[in-house]
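# Structure assessment
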Number of protein chains: 2
Amino acid sequence: MASGGPEIEQLIQLLARLPGLGPRSARRAVLQLIKKKDQLMIPLSAALDRAVSAVKTCEICGNVDTVSPCTICADPRRAESGMLIVVEDVADLWALERAGVGAVRYHVLGGVLSPLDGVGPDDISIDDLLKRASEFKEIVLAINATVEGQTTAHYITDRLAGSGTKVTRLAHGVPVGGELDYLDEGTLSQALKARTEI
Amino acid sequence: MASGGPEIEQLIQLLARLPGLGPRSARRAVLQLIKKKDQLMIPLSAALDRAVSAVKTCEICGNVDTVSPCTICADPRRAESGMLIVVEDVADLWALERAGVGAVRYHVLGGVLSPLDGVGPDDISIDDLLKRASEFKEIVLAINATVEGQTTAHYITDRLAGSGTKVTRLAHGVPVGGELDYLDEGTLSQALKARTEI
Ligand SMILES: [Zn+2]
Ligand SMILES: [Zn+2]
């Protein structure tokens, strides 16, 4: 590495570890940062500094915010619906919020059960979920439709059986704008079973 | 934006301005940073801080390094070949260094002439190039084969005419591993004209 120097090389290597960036695009990103030092590199450095000290994981739901309890858990209007949506990851929570699903609360599991990878009930946030469950009228399992996701959904449903809290899952079906022939048969047959009158 | 808070939102927006990252992948990148706070977010924040204060543009060639003159300009062995490679951008310099083109020096133009966009000879580093030219036996124009790139190459060749310094350009031809039917006709006909005996 004749070009750049160790500071630049290290920055490239760290950026290359972000999802979506490989070594090549990390190098282009660093050149862009250097070219736009005042407009991009210095603000990004400052934003990262602030985020490092500000970011917290919510002690109640597992969401990421700058306060704990997070803005969602602290908002009393979100209790009214009585609905708790259980997600695998903070990214799913954010996706649901962007979709505008309404004044609900969330619980982030932080993963799914995966016996093969040694992930058991104690490794994800299931006990905390069970403790919260009685506060809600309905628990919606918005867990990915993978084998591990479905195992996790079954496990949670079993543990909540008899608690009096209704447990539901997201509807399966054709994604809005999705083309039928790109969908797997499972989705298609579920979509047919769950057909609605128009 | 109920989720995240302003510090996180700002970080997403800045990362989304990097080449290769859009708003969606910037959001994933920020979640990854938060998830790996100690291994990734804090080191990246520190690396950016260091880079902000360390990175300099070389006063001689326009390369980016942590010293000026840069490591390349300061290396006396690189004077021996008498070759100066002229590139549009620091990214091109780095690509040539990675390709191991040898003990050469560089000159970064910082752009190409583009009358339509109002980029004239004074807007890129042409005067500095002309001042350096007499130190070298050969000037290789490694400028992109775009219309603006070729205009720039012609302009530099004209200005250097009569200086006694040899001016060359990179060979056109088939990229190593490139498939013929993906190449434009110009490249193919140039590759045929410049054919070499095997
Ligand atoms: Zn919360
Ligand atoms: Zn230099």
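Quick caveat: nothing in here was measured; it's all calculated off a predicted structure.

### Quick word on the packing of helix H6 (residues 126-133) of chain A against helix H7 (residues 147-160) of chain A
All names here are of chain A.
- Orientation of H6 relative to H7, taken along the N-to-C sense of each, is 40°, at an axis distance of 11 Å. Of the possible angle classes, the one that applies to H6 and H7 is oblique. Relative to H7, H6 is oriented so that their crossing is right-handed. Contacts from Ile-126, Asp-127, Leu-129, Leu-130 and Ala-133 in H6 reach Tyr-155, Ile-156, Arg-159 and Leu-160 in H7.
- In the contact of H6 with H7, the residues fall into seven nonpolar, no polar and two charged.

### Observations regarding unusual backbone geometry
- Here Ser-68 of chain A and Pro-69 of chain A are connected by a cis peptide whose omega angle stands at 0°.
- Examined against the element boundaries, Pro-69 of chain A turns out to sit in the loop between strand E2 (64-65) and helix H4 (71-74).

### Concerning the coordination of the zinc ion (ligand 2)
Residue and element names in this part refer to chain B.
- The coordination sphere of the zinc ion (ligand 2) contains the protein donors Cys-58 (SG), Cys-61 (SG), Cys-70 (SG) and Cys-73 (SG), at a distance range of 2.3 Å.
- For the zinc ion (ligand 2), the four donor atoms in the first shell make angles of 105 to 115° at the metal, a pattern classed as tetrahedral.
- On the primary sequence, the residues serving as donors to the zinc ion (ligand 2) are separated as C-x2-C-x8-C-x2-C.
- Residue classification places Cys-58 among the buried positions, given a relative accessible area of 4%.

### A few points about the sheet that holds strand E5 (residues 138-141) of chain B
All names here are of chain B.
- One open sheet holds the four strands; their spatial order is E4-E3-E5-E6, and the pairing between them is parallel. Two strands in the sheet have a free side with no partner beyond their single neighbour: strand E4 (105-108) and strand E6 (166-169). Sheet twist, expressed as the mean angle between neighbouring strand axes with direction ignored, is 25°.
- Sheet analysis places E5 next to E6, joined by four bridges and oriented parallel. Paired with Leu-141 across the strands is Arg-169, a residue of E6.

### Structural notes on the UniProt feature "domain: Toprim" (unreviewed entry) in chain A
- According to UniProt, the feature "domain: Toprim" (unreviewed entry) maps to residues 82-175 of chain A in the numbering used here.
- Secondary structure across residues 82-175 of chain A divides into 33% helix and 19% strand, with the first and last C-alpha atoms of the span separated by 27 Å.

### A word on the domain arrangement of chain A
- Split into domains, chain A comes out as domain 1 (6-54) and domain 2 (77-169).
- Between the C-alpha centres of domain 1 of chain A and domain 2 of chain A the distance comes to 35 Å.

### Some remarks on the interface of chain B and chain A
- On the side of chain A, 54 residues touch chain B, which itself brings 53 residues to the contact.
- Taken together, the two surfaces of chain B and chain A that pack against each other cover about 5,100 Å², and 71% of this comes from carbon and sulfur.
- When the buried area of chain B at its contact with chain A is split by residue, Pro-19, Leu-48 and Trp-94 of chain B rank highest and sum to 12% of it.
- On the surface where chain B and chain A come into contact, there are two salt bridges.
- As a salt-bridge pair, Lys-35 of chain B and Asp-89 of chain A come within 3.4 Å of each other at their nearest N and O atoms.
- The tally of links from chain B across to chain A stands at eight residue pairs in polar contact (both at pLDDT 80 or more).
- The set of elements that each furnish at least two residues to the side of chain B that touches chain A consists of helix H1 (6-15), helix H2 (23-35), helix H3 (37-54), strand E2 (64-65) and helix H5 (90-98) of chain B.
- Its residues assigned to classes, the side of chain B that touches chain A comprises 29 nonpolar, eleven polar and 13 charged.

### Digging into the coordination of the zinc ion (ligand 1)
Residues and elements named next belong to chain A.
- Donor atoms from the polypeptide that bind the zinc ion (ligand 1) are Cys-58 (SG), Cys-61 (SG), Cys-70 (SG) and Cys-73 (SG), placed at 2.3 Å.
- For the zinc ion (ligand 1), the four donor atoms in the first shell make angles of 105 to 115° at the metal, so the coordination geometry reads as tetrahedral.
- In primary sequence terms, the donor set of the zinc ion (ligand 1) follows C-x2-C-x8-C-x2-C. Here Cys-58, found in the loop between strand E1 (56-57) and E2, pairs with Cys-70, found in the loop between E2 and H4; they are twelve residues apart in sequence, far enough to count as distant. The pair formed by Cys-58 and Cys-70 is uniform in burial state, with each residue classed as buried.

### Remarks on the side chain of Ser-114 of chain B
- Along the chain, Ser-114 of chain B falls in the loop between E4 and helix H6 (126-133).
- Overall, the relative accessible area of 6% leaves Ser-114 of chain B in the buried class.

### Focus on the packing of helix H2 (residues 23-35) of chain A against helix H3 (residues 37-54) of chain A
Residue and element names in this part refer to chain A.
- Where H2 meets H3, the closest approach of the two axes is 6 Å, and the angle between their N-to-C directions is 115°. With respect to their mutual orientation, H2 and H3 come out roughly perpendicular. Only Lys-37, Leu-40, Met-41 and Leu-44 of H3 make contact with H2, whose side of the interface consists of Gln-32, Leu-33, Ile-34 and Lys-35.

### Remarks on the relation of the copies chain B and chain A
- In the superposition of chain B on chain A (RMSD 0.1 Å, axial shift 0.0 Å), the rotation amounts to 179°. In symmetry terms, the pair is related by a two-fold rotation axis. Residue Ser-45 of chain B of chain B places its C-alpha closer to the rotation axis than any other residue of that unit, at 3.0 Å.
- A share of 100% of interface residues in chain B that are also interface residues in chain A marks the association as one of identical surfaces.

Conventions and cut-offs
- Residues numbered from 1 in each chain as written.
- Chains lettered and ligands numbered in written order.
- Predicted model: local features only at pLDDT ≥ 70, side-chain atom pairs only at ≥ 80, totals over all residues.
- Heavy atoms only, no water.
- Axes fitted to C-alpha atoms, helices over the stretch in contact; angles between N-to-C directions.
- Helix = DSSP H or I, 4+ residues; strand = E, 2+ residues; numbered from the N terminus.
- Parallel < 35°, antiparallel > 145°, perpendicular 65-115°, else oblique.
- Left-handed = near helix turned anticlockwise from the far one by under 90°.
- Contact = heavy atoms within 4.5 Å.
- Nonpolar A, V, L, I, M, F, W, Y, C, P; charged D, E, K, R; others polar.
- Donors = N, O, S within 2.8 Å, 3.2 Å for Na, K, Ca; no water.
- Tetrahedral: all angles 85-135°; square planar, octahedral: opposite > 155°, others 65-115°.
- Buried < 20%, exposed > 50% of the residue type's maximum accessible area, 1.4 Å probe, protein only.
- Pairing = 2+ DSSP bridges.
- UniProt positions renumbered as here; feature names shortened; annotations may be inferred.
- Domains from an automatic or database assignment.
- Buried area = accessible area lost by both parts, 1.4 Å probe.
- Salt bridge = Lys/Arg side-chain N within 4 Å of Asp/Glu carboxyl O.
- Polar contact = N/O pair within 3.5 Å; in protein donor to acceptor, adjacent residues only side chain to side chain.
- Least-squares fit on C-alpha atoms with pLDDT ≥ 70 in both.

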